[in-house]
Amino acid sequence: MLDLERLRALHSVATYGSVSAAADVLHVTTSAVSQQLAKLERETGQKLLERNGRGVRLTDAAELLVTHADRILSLVERAQADLEAHRGAVVGELAVAAFPTAIRGLMPAALRALRADHPDLRVIVGEEDPMQSIPRVVRGDLDMAVVQDWNNEPLPIPEGLLRGTICYDVADVALPGGHPLADRDEVELKELAGDSWISSTPGSICCDWLTHTLRSIDAEPRIDHMAYEFATQLALVEAGLGNAVLPRLGRCDVPEGVRVVPLKTSLSRRIYAVWREEAARRPAIRAAMDALRAAAPDEAAK
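Note that the structure is predicted; figures quoted are calculated from it, not measured. (Residues numbered from 1 in each chain as written. Predicted model: local features only at pLDDT ≥ 70, side-chain atom pairs only at ≥ 80, totals over all residues. Heavy atoms only, no water.)

**Q** I tried to follow the side chain of H11 on my own but got confused; where do I start?
**A** Relative to the assigned elements, H11 resides in helix α1 (residues 4–16). Taking relative accessible area as the criterion, H11 reaches 14% and is therefore assigned buried. Excluding residues that lie within four positions of it along the chain, H11 makes contacts with V66, A69, D70 and L73. (Helix = DSSP H or I, 4+ residues; strand = E, 2+ residues; numbered from the N terminus. Buried < 20%, exposed > 50% of the residue type's maximum accessible area, 1.4 Å probe, protein only. Contact = heavy atoms within 4.5 Å.)

Put into structure tokens, the structure is as follows:
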């Protein structure tokens, strides 16, 4: 009979491309992974890895086995979820990633509630942009990711994932105190189209969204400065170096030299969680969703 952990080792090598990368994901040594693969070769009577330059590649037999391993591991996860659902217990470990303002604006209250209500559940949280966290949920590295998209640019969700909305978060615009429109009660984004902008790093959802949004009003974006944290963006705004879009969730202290002005045509982002279909029946998933929704601020639409 094929050993499950050896199949998991082979599946990880196929997914991440090398023995060392698989070892990192499985939290074991490269030697341990190599030993598991050697035992799997003896069990199957087939050569599974071949040298390929400095690395390795899977043989045809290994590729065939990985196809079955993918289904087997999925069934094992579903079985574990069904057993937890049968017990009705919120237990085990839940690995969650979230983008920075969700970490700051949602996670402290949600984690405190989960710890108080479900002491047998261990939640491990890491900070990641949705572009990184969603593929990790698909691969099984994470159980859940808290992600975002904008009302004018939905984020595609891969097949095999489910999602649940946590809340909606309105965004304002942060202007330098000396900006001609800084004293307005509200502004249209197109009035700021020719300005310099400050945004997060290229490839992140917020930067891509700002580029898309400005182009949708026939303005070629001038993103002169890039910083991932909103506190850093606001420091650059205060220095008069550009404007920034500033969501309300988890908003940090606004410097005295910055004016936050609502947008006349509202821009909002949807904040939601994603998880694999196989894990949908886990009580821990439902408990985490309940805690995240309860943690959303009152002004956020739920």
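This is not the end of the story, as more comes after the structure.
**Q** Explain the sheet that holds strand β4 (residues 121–127) here, please?
**A** Across a sheet, paired strands are connected by hydrogen bonds in the backbone, their directions being either parallel or antiparallel. Strand order in the open sheet formed by 6 strands is β4-β3-β5-β10-β6-β9, with mixed pairing between adjacent strands. Looking at the sheet topology across the chains shown, the edges are occupied by β4 and β9 (244–247). On average, each strand axis in the sheet is tilted by 30° relative to the strand beside it, whichever way the strands run. Here strand β6 (residues 161–176) pairs with strand β10 (residues 258–276) via 15 bridges, running antiparallel. Within the sheet, the bridge partner assigned to V173 lies in β10 and is V261. Packed onto the sheet, helix α6 (residues 107–117) meets β3 (92–98), β4 and β5 (144–150) and runs at close to 165° relative to β4. (Pairing = 2+ DSSP bridges. Axes fitted to C-alpha atoms, helices over the stretch in contact; angles between N-to-C directions.)

**Q** Would you take a moment to explain the packing of α1 against helix α2 (residues 19–26) for this structure?
**A** Think of two packed helices as two axes; the pair is described by the angle between the axes and how far apart they sit. Viewed as axis vectors pointing N to C, α1 and α2 meet at an angle of 120°, and their least axial separation amounts to 8 Å. The two elements α1 and α2 meet at a crossing, and its hand is right-handed. Contact residues: R8, A9, S12, V13 and Y16 in α1; V19, A21, A22, V25 and L26 in α2. In the contact of α1 with α2, the residues fall into 8 nonpolar, 1 polar and 1 charged. (Left-handed = near helix turned anticlockwise from the far one by under 90°. Nonpolar A, V, L, I, M, F, W, Y, C, P; charged D, E, K, R; others polar.)

**Q** Is there a simple way to explain the domain arrangement of the protein in this structure?
**A** Accessible area lost during the coming together of the parts is what is often quoted as the interface size. Structurally, the protein comprises domain 1 (4–85), domain 2 (89–165 + 272–300) and domain 3 (169–269). Once you take the C-alpha centre of each, domain 1 and domain 3 turn out to be 46 Å apart. (Domains from an automatic or database assignment.)

**Q** Even after reading the chapter, I still don't get unusual backbone geometry, so can you show me in this structure?
**A** For residues other than glycine, phi is negative in most cases, and the peptide bonds are mostly trans. Despite not being glycine, D218 has its phi angle at roughly 60°, a positive value. Relative to the elements of secondary structure, D218 occurs in the loop between α8 (205–216) and β8 (222–226).

**Q** Is there a simple way to explain the UniProt feature "domain: HTH lysR-type" (unreviewed entry) in the protein in this structure?
**A** This chain's UniProt record puts "domain: HTH lysR-type" (unreviewed entry) on residues 2–59. Helix makes up 62% of residues 2–59 and strand 14%, with an end-to-end C-alpha separation of 18 Å. (UniProt positions renumbered as here; feature names shortened; annotations may be inferred.)

**Q** Please explain α1 as it appears in this structure.
**A** Along an α-helix, residues three or four apart share an orientation, since each turn contains 3.6 residues. With 13 residues, α1 extends 18 Å from end C-alpha to end C-alpha; this agrees with the ideal 18 Å at 1.5 Å per step. Along α1, the residues classified as buried are R6, L7, A9, L10, H11, S12 and V13. Put simply, D3 is the residue that caps the front of α1, since its side-chain oxygen is 3.0 Å from the backbone nitrogen of E5. Following α1 by one or two positions, G17 adopts a phi angle in the positive range, close to 90°. (Expected span 1.5 Å × (residues − 1). Polar contact = N/O pair within 3.5 Å; in protein donor to acceptor, adjacent residues only side chain to side chain.)

**Q** Help me understand the packing of α1 against helix α3 (residues 30–44) in this model?
**A** Running from N to C, α1 and α3 cross one another at 115°; their axes reach a closest spacing of 9 Å. Between α1 and α3, the angle is such that the two are roughly perpendicular. The chirality of how α1 crosses α3 is left-handed. Only V33, Q36, L37, K39, L40 and E43 of α3 make contact with α1, whose side of the interface consists of E5, R6, L7, A9, L10 and V13. Residues that form the contact of α1 with α3 fall into these classes: 7 nonpolar, 1 polar and 4 charged. (Parallel < 35°, antiparallel > 145°, perpendicular 65-115°, else oblique.)

**Q** Mind showing me how you'd approach the nonpolar core here?
**A** What tends to happen in soluble globular proteins is that the nonpolar side chains get buried as a cluster. Counting 29 residues, the largest nonpolar core has V173, W197 and V274 as its most contacted members. Only β3, α7 (130–139), β5, β6, α8 and β10 provide two or more residues apiece to this core. Two domains each provide a minimum of three residues to this core, namely domain 2 (89–165 + 272–300) and domain 3 (169–269). Non-local contacts of W197, meaning those with residues more than four positions away in its chain, are made with V173, L189, L192, L210, L214, R222, I223, D224, H225, N243, A244 and V245. In this structure, C167, A287, A295 and A296 belong to the second largest nonpolar core, which totals 28 residues. (Core = buried A, V, L, I, M, F, W, Y, C linked by side-chain atoms within 4.5 Å.)

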